[in-house]
Amino acid sequence: QVRLAESGGGLVQAGGSLRLSCAASGGTFHNYVTGWFRQVPGQEREFVAAISWTGSTILYEDSVKGRFTISRDNAKNTVYLQMNSLKPEDTAVYYCAATPNSRSWWSREDSYDYWGQGTQVTVSS
């Protein structure tokens, strides 16, 4: 089975940057679509970004477009989310997820089979 683990969260000031990592173990990302989601307490989990196995297809939620960059290094079995120009409204627990089904709806939470435990990102004013 595939296990995912996020890292790289922390506390930053508005305008700062963080890079999140999603490392896979017990398997690989081979032919998988990998996505990032985030959740604020009391709110539903929302889509942030997703990337195909080759990296040739990428999808971003509108509010992060131009600020966040998703990428992957398949040799390291790791997907990244580079977050620049962070805003207080980006504060959330960030989760990575993976699915072998590239024909699924990439922005839907229920399209993904494997999930990490999340990493906290806090952006201060």
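Below, the structure is looked at part by part. Note that this is a predicted model, so its numbers are computed, not measured.

Calculation rules
Residues numbered from 1 in each chain as written. Predicted model: local features only at pLDDT ≥ 70, side-chain atom pairs only at ≥ 80, totals over all residues. Heavy atoms only, no water. Phe/Tyr/Trp six-rings, centres within 6.5 Å; stacked < 30°, edge-to-face > 60°. Buried < 20%, exposed > 50% of the residue type's maximum accessible area, 1.4 Å probe, protein only. Lys NZ or Arg CZ within 6 Å of the ring centre and 35° of its normal. Helix = DSSP H or I, 4+ residues; strand = E, 2+ residues; numbered from the N terminus. Polar contact = N/O pair within 3.5 Å; in protein donor to acceptor, adjacent residues only side chain to side chain. Disulfide = S-S within 2.5 Å. Pairing = 2+ DSSP bridges. Axes fitted to C-alpha atoms, helices over the stretch in contact; angles between N-to-C directions. Salt bridge = Lys/Arg side-chain N within 4 Å of Asp/Glu carboxyl O.

1. Structural notes on the packing of aromatic side chains
Stage number 1. Applying the stated rule across the entire model yields five aromatic pairs.
Stage number 2. Taking the centre distance of 6.1 Å and the plane angle of 70 degrees together, the rings of tyrosine 112 and tryptophan 115 count as edge-to-face.
Stage number 3. Look at tryptophan 115 and you get partly exposed, because its relative accessible area is 23%.
Stage number 4. Three or more aromatic residues joined by ring pairs make a cluster, and in this case those are Phe37, Phe47, Tyr112 and Trp115.
Stage number 5. Directly above the aromatic system of tyrosine 95 lies the positively charged group of arginine 45, at a separation of 3.9 Å from the ring centroid.
Stage number 6. In this structure, arginine 45 is placed above the aromatic ring of tryptophan 115, and the distance from its NZ or CZ to the ring centre is 4.9 Å.

2. Some remarks on the side chain of arginine 38
Stage number 1. By secondary structure assignment, the location of arginine 38 is in strand E4 (residues 33-39).
Stage number 2. According to the relative accessible area criterion, arginine 38 is buried, its value standing at 6%.
Stage number 3. A polar atom in the side chain of arginine 38 sits 2.8 Å from the side chain of glutamate 46.
Stage number 4. Within polar-contact distance, the side chain of arginine 38 engages the side chain of serine 63 at 3.4 Å.

3. Quick word on the state of the cysteines
Stage number 1. Counting across every chain of the model gives one disulfide.
Stage number 2. Residue cysteine 22 pairs covalently with cysteine 96 via a disulfide, S to S 2.1 Å. Taking the sign of the S-S torsion, 65 degrees for the link of cysteine 22 and cysteine 96, the bridge is right-handed. Of this pair, cysteine 22 sits in strand E3 (residues 18-25) while cysteine 96 sits in strand E9 (residues 92-99); the two residues are 74 residues apart in sequence, bridging distant segments of the chain. For the residue pair cysteine 22 and cysteine 96, the accessibility class agrees, reading buried in each case.

4. Considerations on the sheet that holds E3
Stage number 1. Reading across the sheet, the four strands line up as E1-E3-E8-E7 and stay open at both edges, with antiparallel pairing between neighbours. Where the open sheet ends on each side, the last strands, each with one partner, are strand E1 (3-7) and strand E7 (68-73). Taken over all neighbouring pairs, the strand axes of this sheet differ in orientation by 15 degrees on average, direction set aside.
Stage number 2. As paired elements, E7 and strand E8 (residues 78-83) share six bridges and run antiparallel to each other.

5. Regarding the pairing of E7
Stage number 1. Burial along E7 is one-sided: the residues Phe68, Ile70 and Arg72 are buried and none of Thr69, Ser71 and Asp73 is.
Stage number 2. In this antiparallel pair of consecutive strands, E7 and E8, the connection spans four residues, and asparagine 77 shows a positive phi of 55 degrees.

6. What to know about the pattern of salt bridges
Note on pairing: side chains with opposite charge can pair once their charged atoms come close.
Stage number 1. Under the counting rule described, the total for this entry stands at five salt bridges.
Stage number 2. Close ionic contact of arginine 45 with glutamate 109 constitutes a salt bridge, the shortest N to O distance being 3.8 Å. In this pair, arginine 45 is assigned in the loop between E4 and strand E5 (46-51) and glutamate 109 in the loop between E9 and strand E10 (114-115), connecting sequence segments 64 residues apart.
Stage number 3. Residue classification places arginine 45 among the partly exposed positions, given a relative accessible area of 23%.
Stage number 4. For glutamate 109, a relative accessible area of 37% puts it in the partly exposed group.
Stage number 5. We note a salt bridge from aspartate 110 to arginine 108, for which the minimum N-O separation is 2.7 Å.

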